[in-house]
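So you can see what is in the structure, the chains are spelled out below.
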Amino acid sequence: MVEKSLTSGFWPTLYEPFRTFGTRLAEWVAPAAEASEKDGAYTIAMELPGVDEKDVEITVDDGIVTVKGEKKTSREEKGETWYFSERQFGSFSRSFRLPMDADESAVKADLVGGVLTVSVKKKSPEKISKTKKVTIGKG
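Here we summarise the structure given alongside this text.

**Considering the sheet that holds strand 4 (residues 64-78)**
So, step 1. Strand order in the open sheet made by the 3 strands is 3-4-5, with antiparallel pairing throughout. The strands lining the two open edges of the sheet, one partner per strand, are strand 3 (56-61) and strand 5 (83-97). For this sheet the average axis-to-axis angle between neighbouring strands, irrespective of direction, equals 5°.
So, step 2. When strand 4 meets strand 5, the two strands line up antiparallel, connected through 15 bridges. Across the sheet, residue Ser74 finds its bridge partner in strand 5, namely Arg87.

Have a look at this one:
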């Protein structure tokens, strides 16, 4: 099969830096996060200063934890001869793939001091699926 591209010759080199611009911008504005494993659980910590817990949604689906939210902060200061107003609005989304031994039914989250901590317990060794040998039938 032959595939034709509308961008050929000189144009691909001009287009290339902008091809993934949206993805890179989304990663740049996404909250900082760190993931670790300790004491029989996986932990994801995200910096969410100024975000209320009612503005955060955490879902677990098919081995992926997704944290979505919206930041709405504003600050206003007035003086006799000056006025200052600053607002920050925007939504974010981060997704994390869980290891095979993570127990999706045992997820807990806390938001304290602007840091969201999501903990996912590990499955017990008996619950982790083992490789099975499949016999081949004769028809």
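Okay, back to it.
**Structural notes on the environment of Val112**
So, step 1. Counting through the fold element by element, Val112 comes out in strand 6 (residues 102-112).
So, step 2. Judged by relative accessible area, Val112 falls into the exposed class, the value being 64%.
So, step 3. Spatially, the C-alpha atoms of Val112 and Pro49 are 9.6 Å apart, while their sequence positions differ by 63 residues.

**Quick look at the nonpolar core**
The tendency in soluble globular proteins is for nonpolar side chains to be buried side by side.
So, step 1. In terms of nonpolar packing, the biggest core is built from 15 residues, with Met46, Leu48, Val67 and Leu116 touching the most fellow members.
So, step 2. Going through the elements one at a time, strand 2 (41-47), strand 4, strand 5 and strand 7 (115-122) are the ones with two or more residues in this core.
So, step 3. Leave out the neighbours within four places in its chain, and Met46 touches Pro31, Ala32, Ala33, Val67, Arg94, Phe96, Gly114, Val115 and Leu116.

Reading the values: the criteria
Residues numbered from 1 in each chain as written. Predicted model: local features only at pLDDT ≥ 70, side-chain atom pairs only at ≥ 80, totals over all residues. Heavy atoms only, no water. Pairing = 2+ DSSP bridges. Helix = DSSP H or I, 4+ residues; strand = E, 2+ residues; numbered from the N terminus. Axes fitted to C-alpha atoms, helices over the stretch in contact; angles between N-to-C directions. Buried < 20%, exposed > 50% of the residue type's maximum accessible area, 1.4 Å probe, protein only. Core = buried A, V, L, I, M, F, W, Y, C linked by side-chain atoms within 4.5 Å. Contact = heavy atoms within 4.5 Å.

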